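# Results of the structural survey
Listed below are the residues making up each chain.
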Amino acid sequence: MKIRQGLLMSVFAAVATALIFSTAFAEETAKLKALIIDGQNNHNWRETTPVLKKDLEDTGRFTVDVATSPDHGQDMSQFKPNFAAYDVIVMNYNGDDWCEETKKAFEEYMKNGGGMVSFHAADNSFTNWAEYNKMIAVGGWGGRNKAFGPYLYWKDGKQVVDHETNGTGGNHGAQHEFLVEVRDPDHPITKGLPLKFRHCRDELYEQLRGPAENVKILATAWADPKQRGDGRHEPQLMVISYGKGRVFHITMGHAGIQCKSVAFIVPFVRGTEWAATGEVTIPVPDDMPGEDKPVMRLP
Ligand code: ZN
């Protein structure tokens, strides 16, 4: 009897151990794999990448790797990230063209159902790469003008694709605090967010233009003329479908400090999860700001 009990106990112990290990393993494997791409930018990518990485890792939903390109003007022919090994690619890159092989690999990755996040100045990049411009829908600077596609903004309760207005693509006024206004509260990324929430002092991107195909504005901010803005409600959060792939485009996040604003963090991490899976499980946190004042997560 004693022997039997002992045996039973050890069987229980073995089963329990196996369960603990398999649960831990499942949790580990359930994490989404994100790759941040940096290495060239007219912005301080050395400062922003670690903050973006922390924002994602703090959710417990991601493991994050970083692929850093050669410096501006250096040989890019060996820069070949293994996109297919990741659920989502976060673009913190605004620099030299990639080699044709890498561009094609990224297009294939996206067409086959990959995920991409365009973060702040990533929408300044690759002016002459047509497929990239389709992925981001709209972009700025780099010589973008009417020939690159329409302006995209929000007016009278709906999304406007403006093919008529001439002008360059990309502008921002003085850095200032602004309200982000949710325009589609039913999308997985914005579901449950306050309809208006305040972001810290940042650049408010405006007058972006591009192909603007298969794009949906999720949230806008009003470009206040007193801050040298254009007076339009400008897209801050967008989603784009590209082949079977999903793109989340967030224009906020000029420097490290802006990436610690909860009004940035929450859409960023939820948008990254959505780009990876098409769903959002990361909850809206208790420190989510409302209209009154920004909330910062400072160490
Ligand atoms: Zn900036």
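In this text the structure is predicted, and so the values were computed from the model without any measurement.

## Thoughts on the overall build of the chain
If you tally the helices and strands in the chain, you get 5 helices and 11 strands. Its C-alpha atoms give the chain a radius of gyration of 21 Å, within 12% of the compact-globule value 19 Å for 299 residues. The C-alpha extent of the chain, read off along each of the three principal axes, is 90 × 50 × 35 Å. Here the chain holds 299 residues, and the buried ones make up 51% of them. Sequence separation of at least 24 residues holds for 68% of the intrachain contacts in the chain that already meet a minimum separation of 6. Of the accessible surface of the chain, which amounts to about 13,800 Å², a share of 54% is contributed by carbon and sulfur atoms. Mean positive and mean negative side-chain charge positions of the chain (33 and 39 charges, respectively) differ by 4 Å.

## Points about the packing of helix H2 (residues 45–57) against helix H5 (residues 262–277)
When two helices pack together, their arrangement is given by the angle between the helix axes and by the axis-to-axis distance. In contact at an axis separation of 10 Å, H2 and H5 are set at 70 degrees when each is read in the N-to-C sense. Classified by the angle their axes make, H2 and H5 are roughly perpendicular. Classified by chirality, the crossing of H5 by H2 is right-handed. Contact residues: Leu52, Asp55 and Leu56 in H2; Phe264, Ile265, Phe268, Val269 and Thr272 in H5.

## Observations concerning the coordination of the zinc ion
Within the protein, the zinc ion binds to His43 (NE2), His120 (NE2), Glu203 (OE) and His254 (ND1); these donor distances fall in the range 2.0 to 2.2 Å. Around the zinc ion, the 4 donor atoms are arranged such that angles at the metal cover 91 to 155 degrees; this shape is classified as irregular. Donor residues binding the zinc ion come from one chain and are separated in sequence as H-x76-H-x82-E-x50-H. On the criterion of sequence distance, the pair formed by His120 in the loop between strand S4 (115–119) and helix H4 (130–136) and His254 in the loop between strand S11 (245–250) and H5 is long-range, its members being 134 residues apart.

## Observations concerning the packing of aromatic side chains
In total, this model carries 17 aromatic pairs according to the counting rule given. Summarising the aromatic geometry, the rings of Phe119 and Phe264 are spaced 5.8 Å apart at their centres and angled 75 degrees between planes, so their arrangement reads as edge-to-face. Taken together, the residues span a long stretch of sequence, with Phe119 in strand S4 and Phe264 in helix H5 at a distance of 145 residues. When the ring of Phe264 is compared with that of Phe268, the centres are 5.2 Å apart and the planes differ by 20 degrees; the resulting orientation is stacked. A residue pair is termed a helical-turn pair when its members lie 3 or 4 positions apart in one helix, as Phe264 and Phe268 do in helix H5 at 4 residues. Of the two residues, Phe264 and Phe268, both sit in the buried class.

## Quick word on helix H3 (residues 100–111)
Here H3 is 12 residues long and its end C-alpha atoms lie 16 Å apart, about the 16 Å a rise of 1.5 Å per residue gives. Of the residues one or two after H3, Gly113 is the one with positive phi, at around 110 degrees.

## Here's the deal with the pattern of salt bridges
Under the definition given, this model contains 13 salt bridges. For Lys103, the salt bridge goes to Glu100, with nearest N and O atoms at 3.7 Å. Of the two residues, Lys103 and Glu100 are both situated in helix H3; the distance of 3 residues between them amounts to about one turn of the helix. Overall, the relative accessible area of 52% leaves Glu100 in the exposed class. Here the residues in one salt-bridge network are Asp97, Glu100 and Lys103, joined through shared partners.

## Structural notes on the nonpolar core
In a soluble, globular protein the nonpolar side chains are often hidden away together inside. If you look at the biggest cluster of nonpolar residues, it comprises 41 residues, and the most contacted ones within it are Leu56, Val117, Phe248, Ile250, Phe264 and Phe268. No other element matches the 10 residues that H5 contributes to this core. Dropping the residues within four chain positions of it, Leu56 is found in contact with Ala34, Arg61, Phe62, Val64, Val90, Phe268, Val269 and Thr272. The next biggest cluster of nonpolar side chains, apart from the first, holds 35 residues, and it includes Leu35, Tyr109, Met110 and Ala137.

## So, the layout of surface pockets
When its volume is computed, the largest pocket comes out at roughly 180 Å³. Around the largest pocket sit Val51, Lys54, Asp55, Asp58, Lys260, Ile265, Arg297, Leu298 and Pro299, which together line it. The element that contributes the greatest number of residues to the lining of the largest pocket is H2, accounting for 3 residues. For the lining of the largest pocket, the per-class residue count stands at 4 nonpolar, no polar and 5 charged.

## Brief notes about the confidence of the model for the chain
Scored by pLDDT, the chain comes out at a mean of 93, with 90% of its residues at no less than 70. Confidence, expressed as mean pLDDT per element, reaches its minimum in the chain at helix H1 (residues 2–30) with 54 and its maximum at S11 with 99.

Reading the values: rules and limits
Residues numbered from 1 in each chain as written. Predicted model: local features only at pLDDT ≥ 70, side-chain atom pairs only at ≥ 80, totals over all residues. Heavy atoms only, no water. Helix = DSSP H or I, 4+ residues; strand = E, 2+ residues; numbered from the N terminus. Rg over C-alpha atoms; globule rule 2.2 N^0.38 Å. Buried < 20%, exposed > 50% of the residue type's maximum accessible area, 1.4 Å probe, protein only. Contact = heavy atoms within 4.5 Å. Areas by Shrake-Rupley, 256 points an atom, 1.4 Å probe, with all protein chains shown as cover. Lys, Arg positive; Asp, Glu negative; His and termini not counted. Charge placed at Lys NZ, Arg CZ, Asp CG, Glu CD. Axes fitted to C-alpha atoms, helices over the stretch in contact; angles between N-to-C directions. Parallel < 35°, antiparallel > 145°, perpendicular 65-115°, else oblique. Left-handed = near helix turned anticlockwise from the far one by under 90°. Donors = N, O, S within 2.8 Å, 3.2 Å for Na, K, Ca; no water. Tetrahedral: all angles 85-135°; square planar, octahedral: opposite > 155°, others 65-115°. Phe/Tyr/Trp six-rings, centres within 6.5 Å; stacked < 30°, edge-to-face > 60°. Expected span 1.5 Å × (residues − 1). Salt bridge = Lys/Arg side-chain N within 4 Å of Asp/Glu carboxyl O. Core = buried A, V, L, I, M, F, W, Y, C linked by side-chain atoms within 4.5 Å. 1 Å grid on protein atoms, 1.4 Å probe; cavity = no way out; pocket = protein on both sides within 12 Å on 5 of 7 lines; lining within 4 Å. Points joined across faces, edges and corners; volume = space filled by probe spheres on them. Nonpolar A, V, L, I, M, F, W, Y, C, P; charged D, E, K, R; others polar. pLDDT = per-residue confidence, 0-100.

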